[in-house]
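The primary structure of each chain is shown beneath.
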Amino acid sequence: MTRITVTVNGAREETAVEAHESLLTTLRERLGLPGSKNACEQGECGSCSVLLDDVLVCACLVLAASVDGREVRTVESLADGSALDPVQRAFVETGAVQCGFCTPGLVVATHALLRENPEPSLAEIREALSGNLCRCTGYGQIVEAVQRAAKTMYLHGLDDE
Ligand code: FES
Ligand code: FES
């Protein structure tokens, strides 16, 4: 086991991790943060997307031992109690959530996109979300959700906390 210290959603966490353990396992099983989902565990679906030092990554592909001293943000950082953040709200309002398994990753990926590009084109949205698979909604409503979130955040200022 290796001991690591990592800042997760603004809080400093210390934990022991196995040498082969993924960041996704650490978040879900050691730190009690099940929002990032485990669907493929192979970097194929994006359901485990988190921000590592503000860069979008698949947590299933990141070795937990490698995040020592770094900063992670998960989907749990977005809502304020029961108040959804603008991206989460847009996903609900457009019907982009069915089983919801892909949703946390899509929401985190949308934040990553809108922080870089507050007014993305349709092609830029599709490109940015190309690593996030959804088996339920067919992507039309997901793209609509991103456009709606972009509009809301553009009007009210980008809320990335
Ligand atoms: S669970 Fe990580 S990409 Fe699918
Ligand atoms: S809502 Fe079911 S996988 Fe996307």
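Residues numbered from 1 in each chain as written. Chains lettered and ligands numbered in written order. Predicted model: local features only at pLDDT ≥ 70, side-chain atom pairs only at ≥ 80, totals over all residues.

**Some details on the pairing of strand 2 (residues 11-17)**
No. 1: As paired elements, strand 1 (residues 2-8) and strand 2 share 7 bridges and run antiparallel to each other. Residue pairing for strand 2: Val6 is matched across the bridge by Glu13. (Pairing = 2+ DSSP bridges. Helix = DSSP H or I, 4+ residues; strand = E, 2+ residues; numbered from the N terminus.)

**Structural notes on the domain arrangement of the protein chain**
No. 1: By domain assignment, the protein chain separates into domain 1 (2-76) and domain 2 (86-156).
No. 2: Computed over C-alpha atoms, the centres of domain 1 and domain 2 are 22 Å apart.
No. 3: With 3 residues, strand 3 (residues 49-52) is the single largest residue contributor to the side of domain 1 that touches domain 2.
No. 4: Within the side of domain 1 that touches domain 2, the residues separate by chemical class into 7 nonpolar, 5 polar and 1 charged. (Domains from an automatic or database assignment. Nonpolar A, V, L, I, M, F, W, Y, C, P; charged D, E, K, R; others polar.)

**Digging into the nonpolar core**
No. 1: With 43 residues, the main nonpolar core has Ala59, Val108 and Ala149 as its most contacted residues.
No. 2: Within the residue set of this core, elements represented by two or more residues are strand 1, helix 1 (23-30), strand 3, strand 4 (55-58), helix 2 (86-93), helix 3 (103-116) and helix 5 (140-156).
No. 3: There are two domains that each give this core at least three residues, and those are domain 1 (2-76) and domain 2 (86-156).
No. 4: Other than its neighbours up to four places away in sequence, Ala59 contacts Ser22, Leu23, Leu24, Leu27, Ser36, Cys48 and Val50. (Core = buried A, V, L, I, M, F, W, Y, C linked by C-beta atoms within 7 Å. Buried ≥ 20, exposed ≤ 12 C-beta atoms within 10 Å, placed from the backbone. Contact = placed C-beta atoms within 7 Å.)

**So, the pairing of strand 4**
No. 1: Only one face of strand 4 is covered, namely the face carrying Leu56 and Cys58; the face carrying Val55 and Val57 is uncovered.
No. 2: Pairing of strand 3 with strand 4, which is carried by 4 bridges, proceeds in the antiparallel orientation. By the bridge assignment for strand 4, Leu52 is matched with Val55.
No. 3: Between strand 3 and strand 4, which pair antiparallel one after the other, the connecting turn spans 2 residues, and Asp53 there sits at a positive phi close to 50 degrees.

**Here's the deal with the packing of helix 2 against helix 3**
No. 1: Look at helix 2 against helix 3: their axes get within 9 Å of each other, and the N-to-C directions meet at 130 degrees. One finds that helix 2 runs oblique with respect to helix 3. In this structure, helix 2 meets helix 3 at a crossing whose hand is right-handed. Contacts between helix 2 and helix 3 involve Val87, Gln88 and Phe91 on the former and, on the latter, Thr103, Val107, Thr110 and His111. (Axes fitted to C-alpha atoms, helices over the stretch in contact; angles between N-to-C directions. Parallel < 35°, antiparallel > 145°, perpendicular 65-115°, else oblique. Left-handed = near helix turned anticlockwise from the far one by under 90°.)

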